[in-house]
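Here is how the chains run, residue by residue.
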Amino acid sequence: MAAAAPSLGGTAPELMRPLLTGASVAGLVAALTLGSAVAFGRPSGERAAAAPAGAPAPGIPGLQKRLREQPRDAAGWASLGIAYVEQARVTADPAYYPKAEEVLHRSLREAPGNDGALAGLGALAAARHDFHGALRYADRALKANPYAQRAAAVRVDALVELGRYDDALAAARRADAVRPGVPVFTRLAYVRELRGEVAEARRVLGLARASATDRGDLAYIAVQLGELAWNDGDLGRAGREYAEALRLSPGHLPALDGEARVRAARGDTAGALAVRAGIVERLPLPQYVTEYGELLESAGRRDEAERQYAVATAWARIARANGVDADLETALSESDHGDAGDARRAARAEYRRRCPGARVRQCSVHAADALAWALHVNGRDGEALRYARQATATGYRRASFLFHLGVIEKALGERAAARRDLAGSLRRNPDFSPLWAPRAKAALDDLGGAS
């Protein structure tokens, strides 16, 4: 049961070799699963620093040894499966997913319907971006054991990713009533933020900070508080929170990402580029690579930026080859820096996956925004407007979402609405992107300034 070395399959390393600058092939492959697995102690969406490749978590060898001695131990098999899912998160090694699936089903064979295995399968489904499957497994686990914390966490995360924010809030409240703590507090805060309830999100994160003792949890909470400040355009507060996260957990990648944004917003382009280069060398996820490329482009280094955009495109190809759904990442990257047709196809697929059925009124704000922007770059603004409005309807404070809506409204000749929303994007955060904020300002100037 020892972990096998990760395998790319095919000729992916040869495809990547001419594209990478400051990022190794091994690092890119390692990034495939990072940020997609559900961390039971923290909300989905956290990107943790990768552990040394192939190094099993301390508990895995002990569990393997125990199960060789007691192969009928259903709880042991469930624990090993959950450990494999967590190991995939911290090492970004997709080889752990089939291992997790195998041992979790072994647990169910030994003890049909046990909640530990069902919760583990829910986390595995979420890691593979099968959020409907994750929700089904979580519901089955909670039916077997209403006090199952892991299942409750998976359920909240799945509802968030599906854009069912009212249901996610109810699920988080229920989990809080059953077993309050940092995992529930941080999930509850994120749901509040997505619903536009920023003051309440900040209050809940304050409760999480007051109750946390683990330095990793405290660093994560600091980053989330920094993100709230960043989305409000409060660079001072955001910078202090990111610095606190780095004090607690040196090298914490989400905190470094925040630091790079603050540096760029303050005009320290050289410093921001240095931080971003370090991030993508360690972990070339599409978001990090694309943000590095956009910063390079804003600094007039277009050729270097194109190489970073090519890395993001190659990431999606390798992700698909390894069975990872990367449609959302593809849509975002291709809309701004690649093939418009590919962006539209990926965005539609992701939206339909998360929000099946013609009667859906609310979907994941991230999926809706990605589809709106992909339709815009394909010249289909009339269709795009519905999704852009859907992405901003909850009150989630994302300057780029309002920018996209304003640009689409401008293309449709809705000048007053475009002025309002472009001005709103800059009012929320005048420096939300070194590449796109100047374009928002130029579009607003073209419309005659703020209304």
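Treat the numbers as computed from the prediction; the structure is a model and nothing was measured. (Residues numbered from 1 in each chain as written. Predicted model: local features only at pLDDT ≥ 70, side-chain atom pairs only at ≥ 80, totals over all residues. Heavy atoms only, no water.)

Looking now at the overall build of the protein chain. The helix and strand tally for the protein chain stands at 24 helices and 0 strands. Residues classed as buried in the protein chain amount to 55% of the 451 residues present. Taking the contacts inside the protein chain whose residues are at least 6 apart along the sequence as the reference set, 60% of them involve residues at least 24 apart. With the model as given, the accessible surface of the protein chain reaches about 18,300 Å², and the carbon-plus-sulfur share is 51%. (Helix = DSSP H or I, 4+ residues; strand = E, 2+ residues; numbered from the N terminus. Buried < 20%, exposed > 50% of the residue type's maximum accessible area, 1.4 Å probe, protein only. Contact = heavy atoms within 4.5 Å. Areas by Shrake-Rupley, 256 points an atom, 1.4 Å probe, with all protein chains shown as cover.)

Let us now look at the packing of aromatic side chains. Under the definition given, this model contains 7 aromatic pairs. Centroid distance Y84 to Y96: 5.7 Å. Interplanar angle 40°. Geometry classified as tilted. With Y84 in helix α4 (residues 74-91) and Y96 in helix α5 (residues 96-110), the pair connects residues that are 12 residues apart, well separated along the chain. Judged on exposure class, the residue Y84 and its partner Y96 are both buried. A connected cluster of aromatic rings, assembled from ring pairs, spans W373, F403, F432 and W436. Over the aromatic face of W230 sits the side chain of R261, whose NZ or CZ is 5.2 Å from the ring centroid. Its guanidinium or amino end placed over the ring of W436, R439 lies 4.5 Å from that ring's centre, counting from NZ or CZ. (Phe/Tyr/Trp six-rings, centres within 6.5 Å; stacked < 30°, edge-to-face > 60°. Lys NZ or Arg CZ within 6 Å of the ring centre and 35° of its normal.)

Our next topic: the pattern of salt bridges. This structure, assessed with the given rule, holds 38 salt bridges. Among the salt bridges present, the one from E161 reaches R354, with a minimum N-O distance of 2.9 Å. With E161 in helix α8 (residues 149-161) and R354 in helix α19 (residues 340-354), this residue pair connects regions lying 193 residues apart in the sequence. Exposure class is identical for E161 and R354. Each is buried. (Salt bridge = Lys/Arg side-chain N within 4 Å of Asp/Glu carboxyl O.)

Take the environment of D327 next. If you trace the backbone, D327 turns up in helix α18 (residues 327-337). Overall, the relative accessible area of 14% leaves D327 in the buried class. Separated by 16 residues in sequence, D327 and A343 place their C-alpha atoms 8.5 Å apart.

This part takes up the packing of helix α7 (residues 131-144) against α8. Packed helices, taken two at a time, are described by their axes: the angle between them and the distance between them. Two numbers describe how α7 lies on α8: the axes approach to 8 Å, and their chain directions differ by 150°. In terms of orientation, α7 and α8 fall into the roughly antiparallel class. Like other packed secondary-structure pairs, α7 and α8 cross with a definite hand, here left-handed. Contacts between α7 and α8 involve F131, A134, L135, A138, D139, A141 and L142 on the former and, on the latter, A151, A152, V154, R155, A158, L159 and E161. Here the contact of α7 with α8 is built from residues that sort into 11 nonpolar, no polar and 3 charged. (Axes fitted to C-alpha atoms, helices over the stretch in contact; angles between N-to-C directions. Parallel < 35°, antiparallel > 145°, perpendicular 65-115°, else oblique. Left-handed = near helix turned anticlockwise from the far one by under 90°. Nonpolar A, V, L, I, M, F, W, Y, C, P; charged D, E, K, R; others polar.)

On to helix α15 (residues 269-282), then. Given a rise of 1.5 Å per residue, 14 residues ought to cover 20 Å, and the 20 Å separating the end C-alpha atoms of α15 matches this to within 8%. Here α15 has its buried residues at G271, A272, L273, V275, R276, I279 and V280. (Expected span 1.5 Å × (residues − 1).)

A few words on the packing of helix α12 (residues 215-231) against helix α14 (residues 253-265). Between α12 and α14, the least distance of the axes is 10 Å, while the angle of their chain directions is 25°. By the angle between their axes, α12 is roughly parallel relative to α14. Here α12 and α14 pass one another in a crossing that is left-handed. Across from V223, E227 and W230 in α12, the residues of α14 making contact are P254, A255, R261, V262 and A265. Broken down by class, the residue content of the contact of α12 with α14 amounts to 6 nonpolar, no polar and 2 charged.

Bringing the environment of R72 into the picture now. Its location among the elements puts R72 in the loop between α3 (59-69) and α4. Looking at R72, its side chain comes within polar contact range of the side chain of E110, at 2.4 Å. (Polar contact = N/O pair within 3.5 Å; in protein donor to acceptor, adjacent residues only side chain to side chain.)

On to the environment of T394, then. In this fold, T394 is placed in the loop between α21 (381-392) and α22 (399-411). Sequence spacing of T394 and R195 is 199 residues, and the spatial spacing of their C-alpha atoms is 5.0 Å. The residues touching T394, leaving out its near neighbours within four places in the chain, are Y165, L194, R195, G196, Q362 and V365. At 3.3 Å, the side chain of T394 and the backbone nitrogen of Y396 are in polar contact.

Next up on the list: the side chain of D325. Assignment of secondary structure puts D325 in the loop between α17 (302-321) and α18. Residue D325 is classed as buried on the basis of its relative accessible area of 13%. In terms of polar contacts, D325 uses its side chain to reach the backbone amide nitrogen of D327, at 3.1 Å.

Taking 1.5 Å as the rise per residue, helix α23 (residues 415-428) with 14 residues should run 20 Å; its terminal C-alpha atoms sit 20 Å apart, in good agreement. Of all the residues in α23, the buried ones are A417, A418, D421, L422, A423, G424, S425 and L426. As for α23, its buried residues are in contact with α22 and α24 (436-446).

Moving on, we get to the state of the cysteines. Applying the stated criterion to the full structure yields 1 disulfide. Sulfur-sulfur distance for the disulfide between C355 and C363 comes to 1.7 Å. Between C355 and C363, the S-S dihedral sits near 85°, and the bridge is therefore right-handed. Each member of the pair, C355 as well as C363, is classed as buried. (Disulfide = S-S within 2.5 Å.)

Once that is clear, we can look at the side chain of T330. Along the polypeptide, T330 turns up in helix α18. Relative accessible area serves as the criterion here: at 9%, T330 is assigned to the buried category.

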